[in-house]
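Given next are the chains, with one letter for each unit.
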Amino acid sequence: MRPYVDKVESDPSVPAAVDIVVIGGGIVGCSAAFWAAEQGHRVALIEKGRIAGEQSSRNWGWVRRMGRAVAEYPLGIESLRLWDTLAQRTGHDTGFRRTGVVYTAQTDAEMAWIETVRRDAQTFGLAAQPLTPAQLSDRFKGASLTARAGLYTEDDGRAEPALAAPALARGARTKGATVLTGCAVRSIETKAGTVSAVITERGRIACNAVIVAGGAWSRLFLGNLGIDLPQLRVRGSAMRTAPIKGGPAHALGNGAFGIRPRLDGGYTIAQRGRSKVQITPDSFRLFGKYLGSLRENRGEISLTVDRSMWDGLVTPRHWQPDEVSPFEKCRVLDPEPQEAALAKAMRAVQAAFPALKQATITEKWGGIIDVTPDAVPVIDPVDEIPGLVIASGFSGHGFGIGPAAGQLAGELATGAPTLVDPTPFRLDRFGGAMLKAAE
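Here is a short report on the structure shown in this document. All values derive from a computational prediction rather than experimental measurement.

In terms of regular secondary structure, the protein chain is built from 12 helices and 21 strands. Against the 2.2 N^0.38 benchmark of 22 Å for 439 residues, the protein chain shows a C-alpha radius of gyration of 21 Å, consistent with a compact globule. If one aligns the C-alpha atoms of the protein chain with their principal axes, the spans along those axes are about 65 × 45 × 40 Å. Burial statistics for the protein chain: of 439 residues in total, 56% are counted as buried. Looking at the protein chain alone, contacts between residues at least 24 apart form 76% of all its contacts between residues at least 6 apart. As presented, the protein chain carries roughly 17600 Å² of accessible surface, and 52% of it is formed by carbon and sulfur atoms. Separation of charge centres in the protein chain, based on 51 positive and 45 negative side chains, amounts to 4 Å.

Another aspect to go through is the sheet that holds strand 2 (residues 43-46). An order of 8-2-1-12-21-20 is seen for the six strands of this open sheet, with the pairing classed as mixed. Edge positions in the open sheet fall to strand 8 (178-180) and strand 20 (378-381), since each of these has one partner strand only. In this sheet, adjacent strand axes meet at a mean angle of 15° when their direction is disregarded. With four bridges connecting them, strand 20 and strand 21 (residues 388-392) associate as antiparallel partners. By the bridge assignment for strand 21, Val378 is matched with Ser392. Docked against the sheet, helix 12 (residues 398-414) engages strand 1 (20-23), strand 12 (209-212), strand 20 and strand 21, running at close to 10° with respect to strand 20.

Burial runs high along strand 16 (residues 267-271): four of the five residues are buried. Bridging between strand 13 (residues 232-241) and strand 16 involves two bridges; their strand directions are antiparallel. Residue pairing for strand 16: Met239 is matched across the bridge by Ile269. With five bridges connecting them, strand 15 (residues 257-261) and strand 16 associate as antiparallel partners. Across the sheet, Ile259 pairs through a bridge with Ile269, a residue of strand 16.

Here we have three strands laid out as an open sheet, ordered 9-10-11, and antiparallel in their pairing. Because the sheet does not close on itself, it has two edges, and the strands there are strand 9 (185-191) and strand 11 (203-206). On average, adjacent strands in this sheet sit at an angle of 30° to one another, irrespective of strand direction. Inspection of the sheet shows strand 9 paired to strand 10 (residues 194-200) by six bridges, in the antiparallel sense. Its bridge partner lying in strand 10, Val185 is registered against Thr200.

What follows covers the pattern of salt bridges. Side chains that carry opposite charge are capable of pairing whenever their charged atoms lie near each other. A full pass over the atoms with the stated rule returns 32 salt bridges. Of the charged contacts in the structure, one is a salt bridge between Arg262 and Glu160, with a shortest N-O distance of 4.0 Å. Residue Arg262 is found in the loop between strand 15 and strand 16, and its partner Glu160 is found in the loop between strand 7 (157-158) and helix 6 (164-174); the two are separated by 102 residues along the sequence. The exposure class assigned to Glu160 is buried, which follows from its relative accessible area of 5%. A salt bridge links Glu189 to Arg204, with the shortest nitrogen-to-oxygen separation between them at 2.7 Å. Pair noted here: Glu189 is in strand 9 and Arg204 is in strand 11, with a separation of 15 residues, a long-range link. We classify Glu189 as partly exposed; its relative accessible area is 27%. Overall, the relative accessible area of 44% leaves Arg204 in the partly exposed class.

Attention shifts here to the environment of Ala249. Looking at the element boundaries, Ala249 is found in the loop between strand 13 and strand 14 (251-253). For the pair Ala249 and Ala177, spaced 72 residues apart in sequence, the C-alpha to C-alpha distance is 37 Å. Among residues more than four places away in sequence, those in contact with Ala249 are Thr99 and Pro261.

What follows deals with the side chain of Ser218. Inspection of the secondary structure assignment puts Ser218 in helix 7 (residues 218-223). Judged by relative accessible area, Ser218 falls into the buried class, the value being 1%. Each residue touching Ser218, except ones within four places of it in the same chain, is listed here: Val212, Ala213, Leu229, Gln231 and Ser392.

This part takes up the nonpolar core. One finds Ile51, Trp83 and Ile211 to be the most contacted residues of the largest nonpolar core, which totals 49 residues. Only strand 1, helix 1 (27-38), strand 2, helix 3 (73-90), helix 6, strand 12, strand 21 and helix 12 provide two or more residues apiece to this core. Of all hydrophobic cores here, the second largest spans 34 residues; its members include Ile23, Ile227, Leu229 and Leu388.

Another point: the packing of helix 3 against helix 12. The geometry of helix 3 relative to helix 12 is characterised by a closest axis approach of 7 Å and an angle of 95° between their N-to-C directions. Compared by their axis directions, helix 3 and helix 12 come out roughly perpendicular. Side by side, helix 3 and helix 12 meet where Leu75, Gly76, Glu78, Ser79, Leu82, Trp83 and Leu86 of the first sit next to Phe399, Gly400, Ile401, Gly402, Pro403, Ala404, Ala405, Gln407 and Leu408 of the second. When the residues that make up the contact of helix 3 with helix 12 are grouped by side-chain class, the tally is 10 nonpolar, five polar and one charged.

Cut-offs and rules
Residues numbered from 1 in each chain as written. Predicted model: local features only at pLDDT ≥ 70, side-chain atom pairs only at ≥ 80, totals over all residues. Heavy atoms only, no water. Helix = DSSP H or I, 4+ residues; strand = E, 2+ residues; numbered from the N terminus. Rg over C-alpha atoms; globule rule 2.2 N^0.38 Å. Buried < 20%, exposed > 50% of the residue type's maximum accessible area, 1.4 Å probe, protein only. Contact = heavy atoms within 4.5 Å. Areas by Shrake-Rupley, 256 points an atom, 1.4 Å probe, with all protein chains shown as cover. Lys, Arg positive; Asp, Glu negative; His and termini not counted. Charge placed at Lys NZ, Arg CZ, Asp CG, Glu CD. Pairing = 2+ DSSP bridges. Axes fitted to C-alpha atoms, helices over the stretch in contact; angles between N-to-C directions. Salt bridge = Lys/Arg side-chain N within 4 Å of Asp/Glu carboxyl O. Core = buried A, V, L, I, M, F, W, Y, C linked by side-chain atoms within 4.5 Å. Parallel < 35°, antiparallel > 145°, perpendicular 65-115°, else oblique. Nonpolar A, V, L, I, M, F, W, Y, C, P; charged D, E, K, R; others polar.

Encoded structure:
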């Protein structure tokens, strides 16, 4: 089942030339396109399916700074500042509200994680308030939370995945960008080794720079260019309820579930603490790069075999610019929701918040998350192909940091000063050559 997304219609014609092409209409790609158009660049935002059709509409909708990899904190801090401005700048509501985020801990491992998050937040000057069980009870009146401690960031918040990327795409169009949906980019053309155009299923667009923000598709697209982006796919599931009173006012995560108040008065709910890694042919190709992560997170990862294994076997890894690409054969990744995981999460939510025992589930959906070996994104120019910038591998953290990540990609593509240090997001941190011989 696909979650509701505010639809963005495609522009009717393909421009002959622009300054920047952004591939991918998720939160990062739309943010990059909006920023670049706002700066006066000629931009084409190109999406093979629909704006926010995949993980950008299927995530939890949290906008948080705390609880991230240390490398992501600067992006989280800058993004929160940008979220405050987006509704006014785009002319459309993103659903962003500063309503606070709470984590709770019960086990020794969760207590240790909460303490690590507290220290990291303190390092970056964030006001993360520890909460005792009594303070949690006072903040969540009527709840039956089982927790030894909590951590609260008042300034963090939430936004609506159904609205945010579409708002940015429309904002980019208002600033002069062309928005093309249902249009796959097949390949990139170079002249003297430098980006000179993209080849789409609807024709050629000359350009000086390309940002690849294709989410779970980025590895396949870049692999056809001879670029090895280490990225695997994790399958997640979430659901939403109809409007109901008596639930939490803050987004809350514990060892069993994550819950977020929605703009419509309902809640988005998902299981927390265990990820389903899809076994695909790339799992074997990249096994060495992910071995350390698998060992470190073995208690939080489970492996699943589904149709993605077959898809990976039959999907071409190389094609010519004049050939139909894999992106034209599958416009939107739309996996089935994991019913057992969602049912377990709902039972835990209802035990913690008795008011939600009467909640009606109105939608359930699955999504595919693009994950790097260290769960930190790649936002990096490709030195061997000047003009090409990668912005992918957000590992389930991309929605909240999307505005700053997209802006950073745009800055790297245009040579503008960057709002954060891009060094932690370099592709070469994974070792080996960026470019590989065609397989």
